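Read off the chains here:
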Amino acid sequence: MAAMTEVSRAIGAAHLHPASSSCSPAPSSSSAATARANDDEKLRFIEEMTSNVDAVQQRVLAEILARNAATEYLANCGLDAATADRAAFRAKVPVVSYDALQPYIQRIVDGDRSPILSSHPVSEFLTSSGTSAGERKLMPTVADELERRQSLYSLLMPVMNLYVSGLEAKGLYFLFVKSETRTPGGLPARPVLTSYYKSDLFRNRTHDPYHNYTSPTAAILCADAFQSMYAQMLCGLCQRHEVLRVGAVFASGLLRAIRFLHLNWEQLADDIEAGTLTPRVTDASVREAVAAILRRPDPDLARFVRDECCNGDWAGIITRVWPNTKYLDVIVTGAMAQYIPTLRHYSGGLPMACTMYASSECYFGLNLRPLCDPSEVAYTIMPNMGYFEFLPVDSATGASVAAASASDLVELARVEAGREYELVITTYAGLNRYRVGDVLRVAGFHNAAPQFQFVRRKNVLLSIESDKTDEAELQRAVERAAALLRPHGAAVAEYTSQACTRTIPGHYVIYWELLATGSGGAGGVDKETLDNCCLEMEEALNTVYRQSRVADGSIGPLEIRVVRPGTFEELMDYAISRGASINQYKAPRCVTFPPIIELLDSRVVSSHFSPALPHWTPTRRSD
């Protein structure tokens, strides 16, 4: 039996001695008692689920198979209602990636309403940040999946209350919707958080002191990125003393908000001083919602904003402007880890809480030690959210089995501490043994439930926010851009890349070493051509990248840094000096090691940026 963990002890202590604070309602108040009772119920639920992992998993799979046994997909696998049990499922249902499901999904997209993947009607498609053939993957979902996700959200604050007391005041969260489309069959296709924010569960949520945001719902639901951010920032400033936590979904999103304040503080201060909202915000519902908060002129607050923002010192700006903030609520694992130093700079070293592990395909679990150091974040997968299996990753090569069979998979209750696995899921919505693409490491256990650290997204080379660019896609983009060099007698001899986050927003940096193929020499390539190479690369990248550039403004223009001839030989020499084999050396297609980046930057002879935005529309393109 698993030893009693730190969290179990904390949960037990919370039942005996609930956290209290001078900021909290009096312990005798009915609202406080109700909140404590709700927290206790949620914490007991966590203990029950994590103590009976295999039994819960067996029940979940039985429910999924009973529900979806009559679907076309499972029938094609040789299952039916009479034979659909755990043993038959493991023996007959293959492990698949998106490409194998795409023909089934496309039929649903086109309007086929027969039970293809799920016996329940598909209610919408959730667009994944992962891509297939350059377009977002479409994940079919069903109506009751939203309640399942909401049930995981409901566990977050009871856990947080074990570590931080007095959180009943407001949170400043920068939350946004993104563009959505309709499929030929008439169903919405949108990101999972856009789906949640537009749902009745979110819009008509009952008053909850733990989900009391400074941002009006109308501002969150505004599709115009500038108007939404402006309104949310203004409302956050007006309620600055009520804010106890500051957050966004991703670390990059919070940094983008700070950058927005940096660029727009003068206009924000003017609005606060005048007690009126700038005409640049035209959405009527947003104006009405902001007017309820910006009730009257506040020259003292306007003066404060100007004093804090005008001198150029932005260290600790979050705690200076919102002085009661106790922690930042942002994802800082995976690609977001690159933003941790900048967040520490702006926040004065506030704790960063990574509370939840989720994706478009499924919500997985939560962090039971939300205020731990970012390097120690581990998520406890809740066994009631779906059926989870794991594909072992080779410790030497970092690769998982390419053509996985049932015998390769390990059940949730049987993973081993210290091992790395690729996550495979089966969901109520009709994904069966689907490879999510996340590589996880077992860091330990809470009761019988494994706790996983996120290691990496499989095959991802570059990422600034929700974008994911793999090596093959980067290669195609370089080849497409390099075609512009041929008329000038030049080619790309070698290249590598980095995701540069020194500026906000971050951007892709591509290092090119050029080769002369004609008599003019590689130095004859003019600036305009190299600038256009940047744009040509962006046009070749996937729709998530292009949306981030065009609609969201979360990625800056792509940059090509041309390095002097011989730079990549120096790079090889450096790698060999550190123990690399000269026979096996290949130029890395992405670099993160600071000394290598410094070497490359010291050899740059010219820098070029994309001169325009790439093409992007919400509709899926066919080219």
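Residue numbers run consecutively from 1 along every chain, following the written order of its sequence. Predicted model: local features are reported for residues with pLDDT of at least 70 only, side-chain atom pairs are reported and counted for 80 or more only, and whole-chain, interface and lining totals are derived from all residues. As a convention, hydrogens and water are excluded, and side-chain values are obtained from all of the structure's heavy atoms.

### Regarding the overall build of the protein chain
Then, number 1: Helix and strand labels come from DSSP, where a helix needs a run of H or I of at least four residues and a strand needs a run of E of at least two; each type is numbered from the N terminus. Summing up its helical and strand segments, the protein chain has 22 helices and 22 strands in all.
Then, number 2: In the protein chain, which comprises 623 residues, the proportion classed as buried is 52%.
Then, number 3: Accessible surface for the protein chain amounts to roughly 25,800 Å². Of this, 52% is attributable to carbon and sulfur atoms. Burial classification: accessible surface area is computed with a 1.4 Å probe over protein chains only, and a residue below 20% of its type maximum counts as buried, one above 50% as exposed, and the rest as partly exposed. What sets the accessible areas is the Shrake-Rupley method with a 1.4 Å probe; for residues, cover comes only from the shown protein chains.

### Regarding the state of the cysteines
Then, number 1: Any two cysteine sulfur atoms within 2.5 Å of one another count as a disulfide. Taken as a whole and judged by the stated rule, the model has 0 disulfides.
Then, number 2: No disulfide involves C354; its sulfur sits 7.4 Å from the nearest other cysteine sulfur, which is in C372.
Then, number 3: Taking the relative accessible area as the measure of exposure, C354 reaches 0% and is therefore buried.

### Description of the nonpolar core
Then, number 1: Counting residues in each nonpolar core, the largest one holds 160 residues, and the members touching the most others are F388, F390, W512 and M537.
Then, number 2: Examining the composition of this core, we find that 11 residues originate from one element, helix 13 (residues 251-274), more than from any other.
Then, number 3: With sequence-adjacent residues up to four places away left out, M537 is seen in contact with L474, A477, V478, A481, I510, W512, L558 and I560.
Then, number 4: By size, the runner-up hydrophobic cluster in this structure holds 11 residues, among which are V509, F568, A587 and I596. Here, the term nonpolar core denotes a set of buried Ala, Val, Leu, Ile, Met, Phe, Trp, Tyr and Cys residues that are joined through side-chain atoms within 4.5 Å. What makes two residues a contact is simply this: any of their non-hydrogen atoms within 4.5 Å.

### Details of the confidence of the model for the protein chain
Then, number 1: pLDDT measures how confident the predictor is about each residue, on a scale from 0 to 100. Taken as a whole, the protein chain shows an average pLDDT of 88; of its residues, 89% reach a score of 70 or greater.
Then, number 2: Confidence drops under a pLDDT of 50 for residues 12-28, and excluding neighbours within four residues, the segment shows 20 contacts in the predicted structure.

### Quick notes on the pairing of strand 21 (residues 559-563)
Then, number 1: Burial of strand 21 is extensive: 5 of the 5 residues sit out of reach of the surface.
Then, number 2: Alternating residues of strand 21 divide into E559, R561 and V563 and I560 and V562, and every residue in both groups is buried.
Then, number 3: DSSP bridges decide pairing: two strands pair if at least two such bridges lie between them. In this structure, strand 20 (residues 507-516) lies alongside strand 21, joined through 5 bridges in parallel fashion. Bridge pairing in strand 21 links Y511 to R561.

### Side note on the environment of V246
Then, number 1: Within the secondary structure layout, V246 lies in strand 6 (residues 243-250).
Then, number 2: For V246, a relative accessible area of 1% puts it in the buried group.
Then, number 3: Taking the C-alpha atoms as reference, V246 lies 9.8 Å from S347; in sequence the two are 101 residues apart.

### Some remarks on helix 22 (residues 594-602)
Think of an α-helix as turning once every 3.6 residues; residues three or four places apart then point the same way.
Then, number 1: The set of residues buried in helix 22 consists of I596, I597, L599 and L600. Taken down its axis, helix 22 places every buried residue within 160 degrees of arc, on the same side.
Then, number 2: Of the surrounding secondary structure, the elements contacted by the buried residues of helix 22 are strand 19 (490-500), strand 20, strand 21, helix 21 (567-577) and strand 22 (604-609). It is the directions from the helix axis to the C-beta atoms whose arc is reported.

### Describing the packing of aromatic side chains
How two aromatic rings sit relative to each other is set out by the distance from centre to centre and by the angle between their planes.
Then, number 1: Two rings from Phe, Tyr or Trp (for Trp, the six-membered ring) form a pair when their centres are within 6.5 Å of each other. A pair whose planes differ by under 30 degrees is stacked, one over 60 is edge-to-face, and the rest are tilted. Enumeration according to the criterion identifies 17 aromatic pairs in this entry.
Then, number 2: Ring geometry for Y197 versus F202: centroids 5.1 Å apart, planes at 55 degrees, classification tilted. Each member of the pair, Y197 as well as F202, carries the same accessibility label: buried.
Then, number 3: Judged by centre distance (6.1 Å) and plane angle (65 degrees), the rings of F364 and F388 are edge-to-face. Here F364 is found in strand 10 (residues 363-366), whereas its partner F388 is found in strand 12 (residues 387-392), with 24 residues between them in sequence.
Then, number 4: Take F364: its relative accessible area is 0%, and that puts it in the buried class.
Then, number 5: The class for F388 is buried, based on a relative accessible area of 0%.
Then, number 6: One aromatic cluster is present, formed by Y153, Y196, Y197, F202 and Y363 through successive ring pairs.
Then, number 7: Throughout this description, the term charge over a ring refers to an Arg CZ or Lys NZ atom that lies within 6 Å of the ring centre and within 35 degrees of the ring normal. One Lys or Arg, R148, reaches over the ring of Y428 and ends 3.8 Å from the middle of that ring.
Then, number 8: Here the guanidinium or amino end of R240 rests over the ring plane of F304, the centre of that ring lying 3.7 Å away.

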